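Observations on the model geometry
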Amino acid sequence: MTANRTRTESLCPVCLKRLPAQRIFIGDDVHLVKTCAQHGEFRSRIWRGMPSFDQWQRPKTPAGPPVVSSQGEKGCPFDCGLCPDHRQRSCTVIIEITQRCNLDCPVCYASAPSQRPDPSVDVIAELFRRAHDGGQGCNIQLSGGEPTLRDDLPAIVALGRELGFDFIQVNTNGLRLGRDRAFVKALKQAGLASVFLQFDGTEDDIYQYLRGRPLLQAKCAAIEACAEQDIGVVLVPTLVPGVNTHDIGAILKAALDWVPVVRGVHFQPVSYFGRYPVTPDAAARITLPEVMRAIEDQSGGLFQTTHFGPPGCENALCSFHGRFLQLPGGQVIPMKSSPLDTCCVPPLKAHAGATRAISAVARQWAGRKNTAAETGLSGDCACRTKKKAPCNAGTLVPMDLDAFIDRARTHTFSISAMAFQDAWTVALDRVRDCCIHVMAPDGRLIPFCLYNLTAIDGRGLYRP
Ligand SMILES: [Zn+2]
């Protein structure tokens, strides 16, 4: 069988040298293959099955970054900042406000904990200003380490709001949120919109494996605390084959029980940052189409592959998303279907895609009013009851238009996933379309995957 192939560029996972690479199509699968003269051939499966790789592509008219901090002398990806070759503006800027952590996870892209001191509030103010210049109206995610270890986190959120950022989200394991209600209240008063909550599953065995201890109860406590303050919660499972990929349906079921405080589930297929001396084999990865099909299978068809579409902002190969409405009685309907027929879709404008994504994310992931009362957390929390009912249990209640519009304000729910690229899977054409940018300590904006990318000995391309 002759395989089709297309060209891109990648890196050697051993020496991080830039290499020509090929995407090789074998049936419905796509492999990324590259050869380093010194370190040999590397092959990774990056797409498996339907929807097909070709149908999923969305060509875009590029949008240069508003501020260019590097002239690109060494070329992508070695002098990022962003450089003139970058093809998308920032949609989300991630600011790391501490490298300390209160967990010691076997799986951690940030390689936390570290001894580096926390940046001062003055330094963070300067980073916010840089995000303003380079990101122009972007959303902000405060990350770490574990950002809730800073007692001045509410002050940092308030500062970001004062400096003009409307949507600020905190990326957290939720431990402190669940046991410190006064802190959660202070975050709400400071203007925090949303919590990006690491939530790997509905079974303690999963946390034991991935995070080193049982955490389900702590996660539920964090969600309850956010519900009391009307802070939106996005559940963020890191999907590791054989560890929690069987639990995708149960995660979605739990999330639906928690609507409207839970605004969505954002799956992150595991990527291999840090020290991995051997090429992770295909069984160690789950690709985006596999996640979509697992969602369909494990939700009993409530959520279907055809309900999901590629992004308008980042490269199509990086993510999928879908939006749903939960009706009174529990029934769930897709808000928009996403036809995959690309033949009549003109190239999208990257800038317009970014602008739409910024407001769509802020609208969908921010908190709603009275979420504690409506969520009924005291009865349904996944840490107390393991309900086996299928996701689509519920009856359709007739609604008039006003009631429907009201419902749509509070009870929409998103399912999305983002596939990060590591040293084995990175493709530079994808990287240049990136809109999720980490602010380096010196104020440069670096695509998330490049910032976290490491050689097999753990040496980072950018992370200090
Ligand atoms: Zn090499």
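Cut-offs and rules
- Residue numbering note: each chain is counted from 1, following its sequence as written.
- With the structure being a predicted model, the display of local features is reserved for residues of pLDDT at least 70 and the display and counting of side-chain atom pairs for 80 or more, all residues being used for whole-chain, interface and lining totals.
- Side-chain measures were taken over the full set of non-hydrogen atoms in the model, leaving aside hydrogen atoms and water.
- Per the convention used, a helix needs a DSSP run of H or I reaching at least four residues, while a strand needs a run of E reaching at least two, with both numbered from the N terminus.
- Burial classes: relative accessible area under 20% of the type maximum marks a residue as buried, over 50% as exposed, and values in between as partly exposed (1.4 Å probe, protein chains only).
- Contacts were defined at the residue level, with two residues in contact if any of their heavy atoms lie within 4.5 Å.
- Here the Shrake-Rupley method, with its probe set to 1.4 Å, supplies the accessible areas, and only the displayed protein chains count as covering residues.
- Distances define the donors: N, O and S atoms within 2.8 Å of the metal qualify, as do those within 3.2 Å of Na, K or Ca. Water is excluded, so some sites may look unfinished.
- Here a site with four donors is tetrahedral if all angles are between 85 and 135 degrees, and a site with four or six donors is square planar or octahedral if opposite donors are over 155 degrees apart and the other angles are between 65 and 115; anything else gets the irregular label.
- Should DSSP find at least two bridges between two strands, the strands are taken to pair.
- Lines fitted to C-alpha atoms define the axes, with helix axes restricted to the stretch in contact, and inter-axis angles between N-to-C directions lie between 0 and 180 degrees.
- Angles are sorted into four bins: roughly parallel if under 35 degrees, roughly antiparallel if over 145, roughly perpendicular if 65 to 115, and oblique for all others.
- Take the far helix as your reference; a near helix turned counterclockwise from it by less than a right angle gives a left-handed crossing, and one turned clockwise gives a right-handed crossing.
- Residue classes follow a fixed rule: Ala, Val, Leu, Ile, Met, Phe, Trp, Tyr, Cys and Pro count as nonpolar, while Asp, Glu, Lys and Arg count as charged, and any other residue, Gly among them, counts as polar.
- What pLDDT expresses is the predictor's confidence in each residue, scored from 0 to 100.
- Helix span, expected: 1.5 Å multiplied by one less than the number of residues in the helix.
- Here a cavity denotes a set of grid points, spaced 1 Å apart and computed over the protein atoms alone, in which a 1.4 Å probe fits but from which it cannot get out, and a pocket denotes an open set meeting protein on both sides within 12 Å along at least five of seven lines; residues with an atom within 4 Å of a point are reported as lining.
- Grid points are joined across faces, edges and corners, and a volume is the space filled by probe spheres set on the points.

Right, let's get into the overall build of the chain. Broken down by element type, the chain carries 15 helices and 18 strands. Residues counted as buried form 57% of the 464 residues belonging to the chain. Looking at the chain alone, contacts between residues at least 24 apart form 73% of all its contacts between residues at least 6 apart. Summed over all atoms, the accessible surface of the chain reaches about 18,800 Å², with 52% contributed by carbon and sulfur.

In this section: the coordination of the zinc ion. Reference values for angles at a metal are 109.5 degrees in the four-donor tetrahedral case and 90 or 180 degrees in the six-donor octahedral case. Protein ligation of the zinc ion involves C12 (SG), C15 (SG), C36 (SG) and H39 (ND1), the donor distances falling in the range 2.1 to 2.3 Å. Here the zinc ion binds four donor atoms, and the angle range of 104 to 116° at the metal identifies the geometry as tetrahedral. Considered as a linear motif, the donors of the zinc ion on their single chain read C-x2-C-x20-C-x2-H.

Our next topic: the pairing of strand β13 (residues 319-326). With six of eight residues buried, β13 lies mostly within the body of the structure. Across seven bridges, the pairing between β13 and strand β16 (residues 412-418) is antiparallel. Considered in β16, the bridge of R323 is made with S414. Pairing of β13 with strand β14 (residues 332-334) involves three bridges; the strand directions are antiparallel. When the bridges of β14 are listed, F324 appears paired with P334. Between β13 and β14, which pair antiparallel one after the other, the connecting turn spans five residues, and G329 there sits at a positive phi close to 95°.

For the rest of this paragraph, the subject is the environment of S70. The topology assignment puts S70 in the loop between β5 (60-61) and β6 (92-96). Residue classification places S70 among the buried residues on the basis of a relative accessible area of 9%. As for S70 and L82, which are separated by twelve residues in sequence, their C-alpha atoms are 6.3 Å apart. Once you skip the residues sitting within four places of it in the chain, S70 turns out to touch D79, C80, G81, L82, C83 and P84.

The angle between the axes and the distance between the axes are what describe a pair of packed helices. Contact pair helix α8 (residues 248-258) / helix α9 (residues 288-298): the axes reach a minimum separation of 8 Å and the direction vectors enclose 70°. Compared by their axis directions, α8 and α9 come out roughly perpendicular. Read as a crossing pair, α8 and α9 show a hand that is right-handed. Where α8 abuts α9, its residues I248, G249 and L252 lie against A294, I295 and Q298. Residue classes in the contact of α8 with α9 are distributed as four nonpolar, two polar and no charged.

Moving on, we get to the confidence of the model for the chain. On average, residues of the chain score 89 in pLDDT, and 89% of them reach the 70 mark or higher. The model gives residues 337-344 a pLDDT under 50, and that stretch makes 13 contacts with residues more than four places away or in other chains. Scored below 50 in pLDDT, residues 386-394 makes 17 contacts in the model with residues more than four places away or belonging to other chains.

Here helix α2 (residues 121-135) spans 20 Å end to end across 15 residues, near enough to the 21 Å set by a 1.5 Å rise per residue. Of the positions making up α2, those classed as buried are I124, A125, L127, F128, A131, G134 and G135. Buried positions along α2 lie against β6, β7 (139-143), α3 (153-162), β17 (436-439) and β18 (445-447).

For the rest of this paragraph, the subject is empty space enclosed by the protein. To find the voids left in a structure, one rolls a probe of water-molecule size over its atoms. Considering all chains together, one arrives at three cavities of 30 Å³ or more under this definition. One number sums up the size of the largest cavity: a volume of about 200 Å³. Around the largest cavity, the lining comprises 15 residues; the ones closest to its centre are I46, I286, T287, A419 and F420. Considering every element that reaches the lining of the largest cavity, the biggest residue donor is strand β4 (residues 40-48), with three residues. Per-class residue counts for the lining of the largest cavity are ten nonpolar, two polar and three charged. A volume near 110 Å³ is recorded for the second largest cavity. C318, M418, Q421, C434 and C449 are the residues nearest the centre of the second largest cavity, which is lined by 13 residues in total. Counting residues per element, the ones that place at least two in the lining of the second largest cavity are α14 (428-431) and α15 (448-452). When its residues are assigned to classes, the lining of the second largest cavity shows ten nonpolar, one polar and two charged.

It is the contact of α2 with α3, at a shortest axis distance of 10 Å, that shows an interaxial angle of 30°. As α2 packs across α3, the resulting crossing turns out to be right-handed. Within the contact between the two elements, α2 uses V121, I124, A125 and F128 and α3 uses I156, L159 and G160. Taken together, the residues that form the contact of α2 with α3 break down as six nonpolar, one polar and no charged.

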